[in-house]
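# Reading the structure
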Amino acid sequence: MSSNWYKLALKMTKVQYGKGLLLKGAPFIFNKKGAVLKLGKNCTIKSSFLSNLVGLYSKTIIVTRTPGAKIVIGDNVGISGATIYARKEITIGDNTCIGGNVKILDNDFHPVEVEKRNALLNGKAPESGEMAEWIGTKAIHIGKNCFIGCNAIILKGTVLGDGCVVGAGAVVSGKFEPGSVIVGNPGRVIRKLCE
């Protein structure tokens, strides 16, 4: 699918995007009815194997999963084969780089409690308002000028201040001050960058 046809498809699903959007490959971008999905100016979304030599194993996936969910991606953001999946809210600041195969997830996907998981498996879903409580969701906020290394996972409720660096393969949860360098599983600060 050519980039122009793809952008037309984005408009049809009410995905808002700024000038200069560059698509390499065919990402999967889906905006649920009643949700908000915005891409800023001059964003680059890489989804083909050869578009990032770190070795992408999937296309970029950007999804608002529920009505009322929100994904807002700032200007000049680069994304490579990442999954950004919101049931509540994910914001990503200007000039942030999201490395190959990163996962940014504002929810647990499934209930933690056995009884609730079994109820879902048996087709007994709760009322729509209760589903968020069953699954567990918390907004994610990623500041400006951040760098998230390949294969990192950013979990629900994470707040990264401006200029944070997340090392490759880190699993990050919690609040981190601007300029933090975060590595490991669980993610921990190993140093602060000069401001």
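Residues numbered from 1 in each chain as written. Predicted model: local features only at pLDDT ≥ 70, side-chain atom pairs only at ≥ 80, totals over all residues. Heavy atoms only, no water.

## Looking at the overall build of the protein chain
Scanning the protein chain from terminus to terminus reveals three helices and 21 strands. Over its C-alpha atoms the protein chain spans a radius of gyration of 17 Å, differing by no more than 12% from the 16 Å that the globule rule assigns to 195 residues. Overall size of the protein chain, expressed as C-alpha extent along the three principal axes, is 45 × 45 × 25 Å. The 195 residues of the protein chain split such that 45% are buried. Long-range pairs, those at least 24 residues apart, make up 33% of the contacts in the protein chain with a sequence separation of at least 6. Entry remark: accessible area of the protein chain is about 10200 Å², with carbon and sulfur atoms responsible for 56%. Computed over 26 positive and 13 negative side-chain charges, the inter-centroid distance for the protein chain is 9 Å. (Helix = DSSP H or I, 4+ residues; strand = E, 2+ residues; numbered from the N terminus. Rg over C-alpha atoms; globule rule 2.2 N^0.38 Å. Buried < 20%, exposed > 50% of the residue type's maximum accessible area, 1.4 Å probe, protein only. Contact = heavy atoms within 4.5 Å. Areas by Shrake-Rupley, 256 points an atom, 1.4 Å probe, with all protein chains shown as cover. Lys, Arg positive; Asp, Glu negative; His and termini not counted. Charge placed at Lys NZ, Arg CZ, Asp CG, Glu CD.)

## Some details on the pattern of salt bridges
Any two side chains of opposite charge can pair, so long as their charged atoms come close to each other. The final tally for this structure, using the stated rule, is two salt bridges. Across the salt bridge formed by K156 and D108, the nearest N and O atoms sit 2.7 Å from each other. Pair noted here: K156 is in the loop between β15 (153-154) and β16 (159-160) and D108 is in the loop between β12 (103-105) and α2 (114-121), with a separation of 48 residues, a long-range link. For K156, a relative accessible area of 25% gives the class partly exposed. Taking the relative accessible area as the measure of exposure, D108 reaches 33% and is therefore partly exposed. Across the pair K192 and E177 runs a salt bridge, and its minimum N-O distance is 3.0 Å. In this pair, K192 is assigned in strand β21 (residues 188-192) and E177 in the loop between β19 (175-176) and β20 (180-183), connecting sequence segments 15 residues apart. K192 sits in the partly exposed class, given a relative accessible area of 38%. (Salt bridge = Lys/Arg side-chain N within 4 Å of Asp/Glu carboxyl O.)

## Some details on the sheet that holds β15
In space, the six strands of this open sheet follow the order β3-β6-β9-β12-β15-β18, with parallel pairing throughout. Strands at the two margins of the open sheet, each flanked by one partner only, are β3 (28-31) and β18 (171-172). Relative to strand β6 (residues 61-64), β3 is paired through four bridges, and the arrangement is parallel. Counterpart to F28 in the pairing with β6 is I61. (Pairing = 2+ DSSP bridges.)

## A word on the nonpolar core
If you look at the biggest cluster of nonpolar residues, it comprises 36 residues, and the most contacted ones within it are I62, I73, I84, I98, I104 and L160. For this core, the elements supplying multiple residues, two or more each, are α1 (3-12), β4 (36-39), β7 (70-73), β9 (83-86), β10 (89-92) and β13 (140-142). Apart from residues lying up to four places away in sequence, I98 is in contact with V77, G78, I79, S80, A82, I84, I92, I104 and I148. (Core = buried A, V, L, I, M, F, W, Y, C linked by side-chain atoms within 4.5 Å.)

## As for the state of the cysteines
Enumeration over the complete set of coordinates arrives at zero disulfides. Looking at C150, it has no disulfide partner, and the nearest cysteine sulfur is the one in C97, 13 Å off. With no disulfide of its own, C164 lies 5.1 Å from the sulfur of C146, the closest cysteine sulfur. (Disulfide = S-S within 2.5 Å.)

## Some points on the pairing of β6
Two faces, one strand: in a regular strand the side chains alternate between the faces of the sheet. The pairing of β6 with β9 spans four bridges and is classified as parallel. Each residue of the ladder has a partner; that of I61, found in β9, is T83.

## Considering the environment of F109
Within the fold, F109 resides in the loop between β12 and α2. F109 sits in the partly exposed class, given a relative accessible area of 33%. Residues F109 and G136, 27 residues apart in the sequence, show an inter-C-alpha distance of 7.9 Å. Ignoring sequence-local partners within four residues, the contact set of F109 consists of Y85 and I135.

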